[in-house]
Amino acid sequence: MLDQRFDPQGAEQRIYQRWEEEGCFRPSGDTSAEAYSIVIPPPNVTGVLHMGHALNNTLQDILVRFERMRGKNVRWQPGTDHAGIATQMVVERQLAQDGGNESRASLGREKFVDRVWDWKEQSGGQIINQLKRLGASCDWENERFTMGDRHDPDDQMQEAVRKVFVDLYNEGLIYRDKRLVNWDPHFQTAISDLEVESRDVKGHMWHFKYPLAGGETYTYVEKDEDGNVTLEEERDYISIATTRPETMLGDGAVAVHPDDERYAPIVGKLCEIPVGPKEHRRLIPIITDEYPNPEFGSGAVKITGAHDENDYGVAQRNNIPMYRLMDDQARMRTDGPSYEESAKAAQAIAGGKAATAAEVDALNLVPEAYRGLDRYEARKQVIADIDADGLMIEVEDKLITQPFGDRSGVVIEPMLTDQWFVNAAELAKPAIEAVRTGKTKFVPENWTKTYYNWMDNIQPWCVSRQLWWGHRIPAWFGPDGKIFVAHDEAAAVAMAETHYGEPTELTQDEDVLDTWFSSALWPFSTQGWPEETEALKQYYPTSVLITAHDIIFFWVARMMMMGIHFMGEIPFHDVYIHALVLDEKGQKMSKSKGNAMDPLELVDEYGADALRFTFARLAAQGRNIRLAKQSVEGFRNFTTKLWNATRFAEMNSCEFGHELKPGDLKLPLNRWIAAELAKAEAAVTASLEAYKFNEAADALYQFIWNVLCDWYIELIKPVMNGEDEAAKTETRKACGWVIDQTLKLLHPFTPFVTEALWEQTEDAERKRPGFLMLQDWPRYGDAWADAEAEAEMAWVLDTVSEIRSTRSVLNVPAGAQISASLIDASDKVKGWAAANEVPIRQLARLGSFAIADVKPARSVTIASGEDSIALEVEEFITPADEIARLDKEIAKLEKDITGTEKKLSNENFVAKAPPEIVEENRERIREWTATLAKLSSAREQLKDIS
RNA sequence: GGGCGGUUAGCUCAGCGGUAGAGCACUACGUUGACAUCGUAGGGGUCACUGGUUCGAUCCCAGUACCGCCCA
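**Describing the side chain of N56**
Along the chain, the position of N56 falls in helix 2 (residues 51-69). Once residues lying within four places of it in the same chain are set aside, the contact partners of N56 are P41, I546, T547 and H578.

**A word on a negative patch on the surface**
There is a patch of like negative charges on the surface, built from D224, E225, D226 and E295. Examined against the element boundaries, E295 turns out to sit in the loop between strand 13 (283-288) and strand 14 (300-303). A relative accessible area of 72% places E295 in the exposed class.

**Some thoughts on the domain arrangement of chain A**
By domain assignment, chain A separates into domain 1 (199-401), domain 2 (608-785) and domain 3 (817-945). Of note, the centres of domain 2 and domain 3, computed from C-alpha atoms alone, are 34 Å apart. Taken together, the contacts link four residues of domain 2 with four residues of domain 3. In total, about 340 Å² of surface goes out of reach between domain 2 and domain 3, with carbon and sulfur atoms giving 83% of it. Ranking the residues of domain 2 by area buried against domain 3 places E714, L715 and P718 at the top, with a combined share of 83%. Where domain 2 touches domain 3, the interface holds zero salt bridges. Taken together, the links from domain 2 to domain 3 amount to zero residue pairs in polar contact (both at pLDDT 80 or more).

**A look at the pattern of salt bridges**
Within the structure shown, the criterion is met by 71 salt bridges. A salt bridge links E195 to R465, with the nearest nitrogen and oxygen atoms 3.0 Å apart. Taken together, the residues E195 in the loop between strand 6 (189-191) and strand 7 (196-211) and R465 in strand 19 (residues 464-465) connect sequence positions 270 residues apart. Here E195 and R465 have matching classes, each one buried.

**Focus on the environment of C138**
Here C138 lies in the loop between helix 6 (126-134) and strand 4 (144-145). Here the alpha-carbon distance between C138 and F25, two residues 113 residues apart in the chain, equals 5.9 Å. Not counting chain neighbours up to four residues away, the residues in contact with C138 comprise F25, I40, W76 and P78.

**Describing the protein's contact with RNA strand B**
If you check the shell around RNA strand B, you find 38 residues, and the closest are R623, T640, W705, S808 and K912. When atoms of RNA strand B within 4 Å of the protein are sorted by moiety, sugar and phosphate together comprise 64%. Contacts to RNA strand B include R636, whose side-chain N or O atom sits 2.9 Å from a base oxygen. The separation between a sugar or linking oxygen of RNA strand B and a polar side-chain atom of S808 is 2.5 Å. Only helix 21 (629-651), helix 23 (693-721), helix 26 (787-809), helix 30 (907-912) and helix 31 (915-945) provide two or more residues apiece to the surface near RNA strand B. With 10 residues, helix 21 is the largest single contributor of residues to the surface near RNA strand B. Residue classes in the surface near RNA strand B are distributed as 13 nonpolar, 10 polar and 15 charged.

**Quick look at the nonpolar core**
Grouped together as the largest cluster of nonpolar side chains are 196 residues, with contacts concentrated most on F517, W672 and F749. At 17 residues, the largest contribution of residues to this core is made by helix 23. Here this core gathers at least three residues from each of two domains, domain 2 (608-785) and domain 3 (817-945). Counting residues in each nonpolar core, the second largest holds 47 residues, with V181, Y220, I238 and L325 among its members.

**Observations concerning the pairing of strand 2 (residues 73-77)**
With five of its five residues buried, strand 2 lies for the most part within the structure. Side chains N73, R75 and Q77 of strand 2 all project onto a buried face; the interleaved residues V74 and W76 project onto the opposite face, where all are buried too. Of the strand pairs in this sheet, strand 1 (residues 35-39) and strand 2 are connected by five bridges, and their pairing is parallel. For Y36, the partnering residue across the bridge sits in strand 2 and is V74. Following the chain from strand 1 across helix 2 to the adjacent parallel strand 2, one finds a crossover that is right-handed.

**Looking at unusual backbone geometry**
In this model, V443 is joined to P444 through a cis peptide bond whose omega is -5 degrees. The omega torsion of the bond from Y540 to P541 falls at -5 degrees, within 30 degrees of zero and hence cis. Tracing the chain through its elements places P541 in the loop between helix 17 (534-539) and strand 24 (542-548). A positive phi angle, near 55 degrees, is found at Q188, a position not held by glycine. Looking at the element boundaries, Q188 is found in the loop between strand 5 (174-184) and strand 6. Using a relative accessible area of 29% as the deciding quantity, one classes Q188 as partly exposed.

**Some words on the sheet that holds strand 29 (residues 846-852)**
Spatial strand order, 29-28-31-30: four strands in an open sheet with mixed pairing. Since the sheet does not close on itself, it has two edges, and those belong to strand 29 and strand 30 (860-863), each with one partner. The mean angle between the axes of side-by-side strands here comes to 25 degrees, regardless of whether they run parallel or antiparallel. Pairing analysis gives four bridges linking strand 30 to strand 31 (residues 868-872), with the strands arranged antiparallel. Directly across from T861, in strand 31, lies its bridge partner A870.

Rules and cut-offs
- Residues numbered from 1 in each chain as written.
- Chains lettered and ligands numbered in written order.
- Predicted model: local features only at pLDDT ≥ 70, side-chain atom pairs only at ≥ 80, totals over all residues.
- Heavy atoms only, no water.
- Helix = DSSP H or I, 4+ residues; strand = E, 2+ residues; numbered from the N terminus.
- Contact = heavy atoms within 4.5 Å.
- Patch = residues over 30% accessible without salt bridge, like charges linked within 9 Å, V, L, I, M, F, W, Y side chains within 5 Å.
- Areas by Shrake-Rupley, 256 points an atom, 1.4 Å probe, with all protein chains shown as cover.
- Salt bridge = Lys/Arg side-chain N within 4 Å of Asp/Glu carboxyl O.
- Lys, Arg positive; Asp, Glu negative; His and termini not counted.
- Charge placed at Lys NZ, Arg CZ, Asp CG, Glu CD.
- Buried < 20%, exposed > 50% of the residue type's maximum accessible area, 1.4 Å probe, protein only.
- Domains from an automatic or database assignment.
- Buried area = accessible area lost by both parts, 1.4 Å probe.
- Polar contact = N/O pair within 3.5 Å; in protein donor to acceptor, adjacent residues only side chain to side chain.
- Near = heavy atom within 4 Å.
- Nonpolar A, V, L, I, M, F, W, Y, C, P; charged D, E, K, R; others polar.
- Core = buried A, V, L, I, M, F, W, Y, C linked by side-chain atoms within 4.5 Å.
- Pairing = 2+ DSSP bridges.
- Right-handed = clockwise from strand over helix to strand, strands pointing away.
- Axes fitted to C-alpha atoms, helices over the stretch in contact; angles between N-to-C directions.

Printed below as a string of structure tokens:
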């Protein structure tokens, strides 16, 4: 006998363990079956499960369980990524907390990396166990890690990364370059554009005078829109606005828009940077470029190519030198020649002397007074010094958009450094094409635009990181800086020997690769690439990638690029983009806001099934999910409902664990529920095939609660309590079978409670053929469709509902056993009434339900179409109340009839609307008219009585 | 500034060219041998606004307003 309710705490872990022990998560390996594969978007090895993961993995698990039951050869590939910065940060923090004197620096690279591996083995990958608590049916035996195995020198995951790097280098798609990158001064590494978050913060805009060289002057004229002069004065300076005065030291030019008439007289002349020792102030040219916006500030912009994204572009276009001012920690440089020497050299370059980028970079244009200062301290002093010179015009308070490192939270410094770049634009071409031609489809489709938008404007991808934890870049430098990219050191050495003509010592690049570089290979590296494995043949391309939209750039785009390039084939057929999980108020959940909900707490409180079903039910395409505890509670109640329905069936000796064929059922009641079940199955299957999780979940919810529990179970109670043994036998079979089938359909959504019920309803005579999760997905087609039974039961349900509603409206006490008669019914309806007399009496709480030719006097009429039902409730109501009720209904009917008649009298409607619609409206009028006649005559009768 | 999305019941949201739906909340009644984590019934909507297409628009198109998110 089943317990009163399902106990998730007690059952979930036990069931999960059994599945795992019995190898239920393994691919069937049946190569004659269609393959179905999903790679998990690898969570960070440092990660803990949050709502986004919970939703993401629930949806994957639903699909995977569904397809597994459909007989496909399913691999759900799990694993984690090594999360370069995050993991290094965790271990460094741990070192600091340990209280010893050890730090990353004191340990040195090798020992530190060992420590990270130790940490990974002991504490990493918690999220894997958390995924198991959700019920995730990943192929855990094939779990992968983007860094591979520390103990295996030939580790294949590492091999894959090396091969990709070397191949791309040899193809010219990876190159080393000095470019402006996002520099994180906290972690002292470059990071990619995607790891930078722009935020508006309060800041200032300083306006300074840049004096013209040699005290030259010009007439500065401002005009309004109509061309009237609003300001005219002689100036010996050009006004420059900046939010970052400390970067003035590295200015290479001042730029104005070519159409800006105000500055036309001084274009091509020189002006002076108003900071630094007076005797060595630098002169820089005033140039034109499309970038400056004449409407913004003074319209003139200082150009510091080495420390600003926009300036970098201007500097490149106009061949303006880019002077680097800061070190790895964003302090003003202390290296290189003196300011005096550097300024002279810079002046020579400004005057036309040729210089290489390296020579320019070597110069240190930070005056001695500012050297070694933090960038913000330097800013203060620069401002103070200019102000003291009387060259400051004004300071504005202003909201400025600043870049922050998403991990470090510090302001990112655009910095000119040597890094490795992937030619993403080139790799993007076939990746864009694959979506354009429909080889890979986004669901919902509108995300293709986001994808194109990103891909069409893609920038070189900076893949080197100045970290220790990660895939070391397989590049070695000769003494002259010559680069040798090779699979391993021996190969590099051999190349060097050929190149130099003698054995030459090389040093390996210190840097590691961006974590996403290895994640981009995930769909094929996890299946054994570069070896041509059986797994690759079976499971690549994968069927679908399930992810959130904020990850389109990180994962989707990069996996597409690498997959197509190295496999010659797209990595996934579909990309399903799911919602973000927001809090009740529609705000993003975050730790700092304190509105984050812990999915595992919800699992503890309501069970994994409840949380999973909530996600599925709310996962409508193209919309975010606002999650409230209350919804999870509601769906927990749903699982309880199912539990109790099964419990009822068990108590009534329903037979589980057998098959039924359409001809086996004779009773309309049972034929009807089978037909309803088949409809639900069709809806669930179609919805899941279309990634419409909410529709699938809704179909199941409606079927189980509103059809199976509310009606079917109520309707079989009289059968079970009755005398008809044949009917009982059939109904026991039918009910048990329908519940069995329902468990299968619901299993992908709520695997634990369904598996528990499957297991616990096992019959001694009919053993279950193994786990529910491994059963075949039912496909009924229209075999169970049964128009006759459905019409009969529709009439029964309708009749009961009408009687109940009328009782309630008339305030007939719930316990009163009243009498009712069916009037003016056709023979068919009379037959239905006779056959269903007992259930109708019980569900509608009637003392008697008879077929009569004449309406009993003093009864209340419920009319629908031809037949009507007379309720003998005289003792409970007053005729006036009933007349009022009838008037209301009559009025509504009259209104409906008039409206529809008007529609039908429109020739255009009759001529142009589809015939079935026209007929539908005519039929409606016929029915309403009949009903109206019944109600009117009932009203007349009542009037006579009262 | 560019792009995307949203506006439907008190709340959260489905839906859809052919009489407006769900869950929750609310109201009344109910402890009937599966379930009070429940049952029965009920109230509640100019489907943001303005035009257009159509026999017919909440739905399609255009515009407006407001609200989100992403990118500069």
